[in-house]
Amino acid sequence: MAHKRSQSDSYTKRAQKEGYPARSVYKLKELQRRFAPVPRGGSILDIGAAPGSWSLYVHRKLLGSGGRITAVDLLPLKLSPLPNRITPLQGDAFSPEIMQKITELGPYDAVISDAAPATTGNRTIDTARSEELGLEIINLARTVLVPGGNLVIKLFQGGGEAALTEKMRRDFSRVKSCKPKASRSESFEIFLIGTGKHTEGGL
Ligand SMILES: C[S@@+](CC[C@H](N)C(=O)[O-])C[C@H]1O[C@@H](n2cnc3c(N)ncnc32)[C@H](O)[C@@H]1O
């Protein structure tokens, strides 16, 4: 346990050293190495993007010369300077105003989301909210992803992962789950990765 914690802390130090505002960058890095959800040079929607380490990683390593990112969060990004190919949208990703802007800036080759509901400490409530958020992201991805596009969502274990996996299987050729090494051992989060969106919203 102590070893795990010091390993986690080493991710925080590494993030600072590499100029990322959050250690969560290493979760996306592992997901990308294992499942390649973010295509090089693509148009990417990052939901729950603040403080901005996932968007910054995609910008640094995967945008190539033609890609761009729409980064949505309730909170502001903490990226200074803000790279000009990251378009920040501040607000609730599922409000009509933000949904309209997301749609106007789309479609997207990948939707990546590290969004999590504010936790209460009550696991039943927290997992139910996480499932609800996951469902909203899957529904949003259905309308804004290109055929062949990919989706990453975060979910609290116990938060309906079987139901959400099943739902994603209707939209994507492959669906995998993963708890990255950079995820704290005490955290009960996992990620679901859907790749190869079907042409239509479901089969
Ligand atoms: C763990 S943080 C994301 C960290 C980010 N991936 C990074 O690497 O910097 C989760 C974020 O989800 C955001 N979030 C939760 N619900 C949201 C919603 N409905 N719309 C937009 N953002 C949301 C929170 O404000 C929070 O900043």
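Note that this is a predicted model, so its numbers are computed, not measured.

How do you make sense of the nonpolar core when you look at a structure like this?
One broad rule of soluble globular proteins: the nonpolar side chains tend to lie buried together. By size, the foremost hydrophobic cluster in this structure holds 29 residues, and its most contacted members are Val 58 and Ile 112. At the level of secondary structure, the elements contributing two or more residues to this core comprise α1 (2-18), α2 (25-35), α3 (53-61), β2 (68-73), β4 (108-113) and β7 (189-197). Leave out the neighbours within four places in its chain, and Ile 112 touches Leu 28, Val 38, Ile 44, Leu 45, Asp 46, Ile 47, Trp 54, Val 58 and Val 152. Of all hydrophobic cores here, the second largest spans 27 residues; its members include Val 72, Phe 94, Leu 151 and Leu 164.

Hey, could you run me through the site of the ligand in this one?
With respect to spatial proximity, 20 residues lie near the ligand, and among them Ser 24, Gly 52, Ser 53, Asp 73 and Asp 114 are the closest. Contacts to the ligand include Asp 92, whose side-chain N or O atom sits 3.1 Å from a nitrogen atom. Separating a nitrogen atom of the ligand from a backbone N or O atom of Ala 93 is a distance of 3.0 Å. Expressed as a share of its isolated accessible area of 610 Å², the protein-covered part of the ligand is 85%. When each cavity is represented as a set of grid points, the ligand is found to reside in the largest pocket. Across the shell around the ligand, the residue classes break down as 11 nonpolar, 5 polar and 4 charged.

Teacher, can you tell me more about the layout of surface pockets here?
In this approach the atoms are scanned with a rolling probe the size of a water molecule, which exposes any empty space left behind. A volume near 360 Å³ is recorded for the largest pocket. As for the largest pocket, its lining consists of 18 residues, and the residues nearest its centre are Leu 74, Asp 92, Phe 94, Ala 116 and Leu 133. Of all elements in the fold, only β2 and α5 (123-144) reach the threshold of two or more residues within the lining of the largest pocket. Of all the elements, α5 adds the most residues to the lining of the largest pocket, at 4 residues. Residue classes in the lining of the largest pocket are distributed as 11 nonpolar, 2 polar and 5 charged. Space inside the second largest pocket adds up to approximately 190 Å³. Lining the second largest pocket we find 15 residues, and of these Gly 48, Ala 49, Ala 50, Pro 51 and Asp 73 sit closest to its centre.

What is the right way to look at the pattern of salt bridges in this model?
Here the idea is simple: oppositely charged side chains can pair when their charged atoms come close. This model, assessed by the stated rule, comprises 6 salt bridges. Residues participating in the shared-partner salt-bridge network are Lys 27, Asp 114, Lys 154 and Glu 189.

Would you mind showing me how to read α5 here?
A turn of α-helix holds 3.6 residues, and therefore any two residues three or four places apart point the same way. Relative to the 32 Å expected for 22 residues at 1.5 Å per residue, α5 spans 31 Å between its end C-alpha atoms, a close match to the ideal helical length. Restricting attention to buried positions, one finds in α5 the residues Asp 126, Thr 127, Ser 130, Leu 133, Gly 134, Ile 137, Ile 138, Leu 140, Ala 141 and Val 144. When α5 is viewed along its axis, its buried side chains cluster within an angular range of 165° and face the same direction. Exposed residues on α5 whose side chains face more than 90 degrees from its buried face are Thr 124, Glu 132 and Thr 143. Considering only its buried residues, α5 is in contact with β1 (43-47), α4 (96-105), β4, β5 (145-156), α6 (161-171) and β7. A side-chain oxygen of the first residue of α5 lies 2.9 Å from the backbone nitrogen of Thr 124; this N-cap is Asn 122.

Can you walk me through the packing of α5 against α6 in this structure?
Axes are the key here: two packed helices are described by the angle between their axes and the distance separating the axes. Two elements in contact, α5 and α6, have axes whose closest approach is 11 Å; the angle formed by their N-to-C orientations is 5°. One way to sum up the angle between α5 and α6 is to call them roughly parallel. Listed contacts from α6 to Glu 131, Gly 134, Leu 135, Ile 138, Asn 139 and Arg 142 of α5 are Ala 163, Leu 164, Lys 167, Met 168 and Asp 171. In the contact of α5 with α6, the residues fall into 5 nonpolar, 2 polar and 4 charged.

What's the story with the environment of Ser 80 in this structure? I'm lost.
Tracing the backbone shows Ser 80 in the loop between β2 and β3 (86-90). Residues Ser 80 and Val 152 lie 72 residues apart in sequence; the distance between their C-alpha atoms is 26 Å.

What should I look at first to understand the packing of aromatic side chains in this one?
Any two aromatic rings considered together are summarised by their centre-to-centre distance and by the angle between their planes. In this structure the tally under the stated criterion is 3 aromatic pairs. The ring of Tyr 20 carries the charged tip of Arg 60 above its face, separated from the ring centre by 4.5 Å. The aromatic ring of Phe 188 is capped on one face by Arg 123, whose charged end is 3.8 Å from the ring centroid.

Rules used in this analysis
Residues numbered from 1 in each chain as written. Predicted model: local features only at pLDDT ≥ 70, side-chain atom pairs only at ≥ 80, totals over all residues. Heavy atoms only, no water. Core = buried A, V, L, I, M, F, W, Y, C linked by side-chain atoms within 4.5 Å. Buried < 20%, exposed > 50% of the residue type's maximum accessible area, 1.4 Å probe, protein only. Helix = DSSP H or I, 4+ residues; strand = E, 2+ residues; numbered from the N terminus. Contact = heavy atoms within 4.5 Å. Near = heavy atom within 4 Å. Polar contact = N/O pair within 3.5 Å; in protein donor to acceptor, adjacent residues only side chain to side chain. Areas by Shrake-Rupley, 256 points an atom, 1.4 Å probe, with all protein chains shown as cover. 1 Å grid on protein atoms, 1.4 Å probe; cavity = no way out; pocket = protein on both sides within 12 Å on 5 of 7 lines; lining within 4 Å. Sits in = over half its atoms within 2 Å of the grid points. Nonpolar A, V, L, I, M, F, W, Y, C, P; charged D, E, K, R; others polar. Points joined across faces, edges and corners; volume = space filled by probe spheres on them. Salt bridge = Lys/Arg side-chain N within 4 Å of Asp/Glu carboxyl O. Expected span 1.5 Å × (residues − 1). Arc of directions from axis to C-beta. Axes fitted to C-alpha atoms, helices over the stretch in contact; angles between N-to-C directions. Parallel < 35°, antiparallel > 145°, perpendicular 65-115°, else oblique. Phe/Tyr/Trp six-rings, centres within 6.5 Å; stacked < 30°, edge-to-face > 60°. Lys NZ or Arg CZ within 6 Å of the ring centre and 35° of its normal.

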